[in-house]
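Residue-level structural notes
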Amino acid sequence: MPRYRLLPTPAQEAVLRDHCGHARYVWNLAVEQHSHWRPGRAGAPGYLEQCRQLTAARAENPWLAAGSQTVQQQALRDFAQAMTAFFDPANPARRPSWRKAGRDEGFRIVGRGRQWDVRRVSRKAGQVWVPKAGWVRFRWSRAVPAGAKSYRITLDRVRRGSNRRGRVRHAIGRLRARETDRRKDWAEKTSTGIARRFDVIRVEDLQIMTMTRSAAGTRENPGWNVAQKAGLNRGILGSGWGLLVRRLQDKAPGRVEKVRPAFTSQRCSACGQVDRDSRESQAVFRCTACGFASHADVNAAINIAAGHAVTARGGFRDAGPVNREPHLLASLAGRG
Ligand SMILES: [Zn+2]
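Residues numbered from 1 in each chain as written. Predicted model: local features only at pLDDT ≥ 70, side-chain atom pairs only at ≥ 80, totals over all residues. Heavy atoms only, no water.

**Some details on the overall build of the protein chain**
Within the protein chain one finds seven helices and twelve strands. With 336 residues in all, the protein chain has 43% of them scored as buried. Restricting to contacts in the protein chain with at least 6 residues of sequence separation, those with at least 24 account for 65%. By element, 52% of the accessible surface of the protein chain is carried by carbon and sulfur atoms, the whole surface being about 18500 Å². (Helix = DSSP H or I, 4+ residues; strand = E, 2+ residues; numbered from the N terminus. Buried < 20%, exposed > 50% of the residue type's maximum accessible area, 1.4 Å probe, protein only. Contact = heavy atoms within 4.5 Å. Areas by Shrake-Rupley, 256 points an atom, 1.4 Å probe, with all protein chains shown as cover.)

Next up, the structure:
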């Protein structure tokens, strides 16, 4: 595979690094989804389903939508190909694993035309079109294969101890800081607003830290936390959720109550009936008893705001005294 040295402007370099960061982020979400899979359990989502989830995740996460859909989708396709190679009995490859910042950084563009193109601008230089970055110069060190349908951009593995390595590290550090800052900003603003507006704040007790470990379920809580069903969005929200809850507890001490989400998605918030068939789809709740219909997340959030974990028979559990009016509708996609 011929390789060419890219010569991006500093502004373009920042865009390329964003692409690397997003590709790694999406890849790692896919790794996390698939880490929940065990023999005998329903399959983890495939490429098409993940692409659908990515579209939904982009709609709800502006920082993700600011990046290139092509780049993010290709990260999912790369992951799907890596999984296929992993399961190939003739020539098994390593199981796809986490990508760390600063290692294996890169992204892929497929499909020439609208997505990318390449042109020669002088004897020694060409330009390649990169989404969001525009025409990026590269050293035309050899002929570009006529039929090329995809290309990959990778960060150098630059020499240990060199200045450039330090610079790359630094830039990657900045990129990570920007991602973290956006999530922090969101948690700060949201928690301040909620703490001001509401007396009692009830949040779904997601137990983010144990999400991976408890995915298989225990005897008491059989598999309520099977995360792959919920999709990429849960992974994204999950990483901000723990932070939001912590900041809420700081800003509204004693006023934050955690509610276990078990069965809250199957309970009708209008009549109290618990029936898994009321959950028509991931998004739609329609009560089989009284016909109450609502977005499934809103219905579950009303149950959570009412302040009670729900038992399988529809009764309330741990119902403490309620002396202030409950308000908060805090909801996450994909309750069990
Ligand atoms: Zn009902």
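**Some details on the coordination of the zinc ion**
Tetrahedral coordination by four donors puts the ideal angle at the metal at 109.5 degrees, and octahedral coordination by six puts it at 90 or 180 degrees. For the zinc ion, the full set of protein donor atoms is C268 (SG), C271 (SG), C287 (SG) and C290 (SG), at a range of 2.3 to 2.4 Å. Relative to the metal, the four donor atoms surrounding the zinc ion lie at angles of 104 to 116°, and the coordination shape comes out tetrahedral. Read in sequence order, the donor residues coordinating the zinc ion give the pattern C-x2-C-x15-C-x2-C. Looking at C268, the relative accessible area reads 0%, which means it is buried. (Donors = N, O, S within 2.8 Å, 3.2 Å for Na, K, Ca; no water. Tetrahedral: all angles 85-135°; square planar, octahedral: opposite > 155°, others 65-115°.)

**Brief notes about the sheet that holds strand β5 (residues 134-139)**
Taking strand neighbours across the sheet as the criterion, the four strands line up as β1-β5-β4-β3 in an open arrangement whose pairing is antiparallel. Because the sheet does not close on itself, it has two edges, and the strands there are β1 (6-7) and β3 (118-120). As defined by bridge partners, β3 adjoins strand β4 (residues 125-130) across three bridges and the pair is classed as antiparallel. Across the sheet, residue R120 finds its bridge partner in β4, namely G126. Sheet strands in contact with helix α1 (residues 10-35) are β1, β4 and β5, and its direction is about 100° off that of β5. (Pairing = 2+ DSSP bridges. Axes fitted to C-alpha atoms, helices over the stretch in contact; angles between N-to-C directions.)

**Description of the nonpolar core**
A general feature of soluble globular proteins is that nonpolar side chains tend to end up buried together. With 34 residues, the main nonpolar core has L76, F107, V128, V130 and Y151 as its most contacted residues. By residue number, the principal contributor to this core is α1, which donates nine residues. (Core = buried A, V, L, I, M, F, W, Y, C linked by side-chain atoms within 4.5 Å.)

**Some details on the pairing of strand β7 (residues 201-204)**
Of the two faces of β7, the one carrying I201 and V203 and the one carrying R202 and E204 are both buried. As defined by bridge partners, β7 adjoins strand β8 (residues 256-259) across four bridges and the pair is classed as parallel. Bridging across to β8, R202 finds its partner in E257.

**Concerning the environment of C287**
Considering the arrangement of structural elements, one finds C287 in the loop between β9 (284-286) and β10 (293-295). Considering only alpha carbons, one finds C287 and C268, 19 residues apart in sequence, at a separation of 6.0 Å. If near-sequence neighbours (up to four positions away) are discounted, C287 is found in contact with C268, C271, Q273, S278 and F292.

**Details of helix α7 (residues 296-305)**
Across the ten residues of α7, eight count as buried, placing the element largely inside the fold. Listed as buried for α7 are A296, D297, N299, A300, A301, N303, I304 and A305.

**Section: the environment of Y25**
By the secondary structure assignment, Y25 is in helix α1. Y25 gets classed as buried once you look at its relative accessible area, which sits at 12%. Taking the C-alpha atoms as reference points, Y25 and K100, separated by 75 residues in sequence, lie 9.5 Å from one another.

**Here's the deal with unusual backbone geometry**
A positive phi angle, close to 75°, is found at K132, a residue other than glycine. Structurally, the position occupied by K132 is in the loop between β4 and β5.

**Some words on the packing of α1 against helix α2 (residues 47-60)**
Two elements in contact, α1 and α2, have axes separated by 12 Å at closest approach and are oriented at 125°. Classified by the angle between their axes, α1 and α2 sit oblique to one another. Two packed elements cross with a definite hand, and for α1 against α2 that hand is right-handed. For the pair α1 and α2, the contacting residues are V26, A30, Q33 and H34 in the first and Q50, Q53 and L54 in the second. Residues of the contact of α1 with α2, tallied by class, amount to three nonpolar, four polar and no charged. (Parallel < 35°, antiparallel > 145°, perpendicular 65-115°, else oblique. Left-handed = near helix turned anticlockwise from the far one by under 90°. Nonpolar A, V, L, I, M, F, W, Y, C, P; charged D, E, K, R; others polar.)

**Let's talk about the confidence of the model for the protein chain**
Detailed conclusions should not be drawn from predicted coordinates in areas where pLDDT is low. Residues at a pLDDT of 70 or more form 71% of the protein chain, whose mean pLDDT is 74. Here residues 208-230 is modelled with pLDDT under 50, and outside its nearest four sequence neighbours on either side it reaches 42 contacts, counting other chains as well. In the model, residues 309-336 has pLDDT below 50 throughout and makes 78 contacts with residues more than four positions away in sequence or in other chains. (pLDDT = per-residue confidence, 0-100.)

**Considerations on the packing of α2 against helix α4 (residues 69-87)**
Running from amino to carboxyl end, α2 crosses α4 at an angle of 150°, the nearest separation of the two axes being 10 Å. On the basis of their axis angle, the class for α2 and α4 is roughly antiparallel. As α2 runs across α4, the sense of the crossing is right-handed. For the pair α2 and α4, contact is made by Y47, Q50, C51, L54, T55 and R58 and by Q69, Q72, Q73, L76, R77, F79 and A80, respectively. In the contact of α2 with α4, the residues fall into six nonpolar, five polar and two charged.

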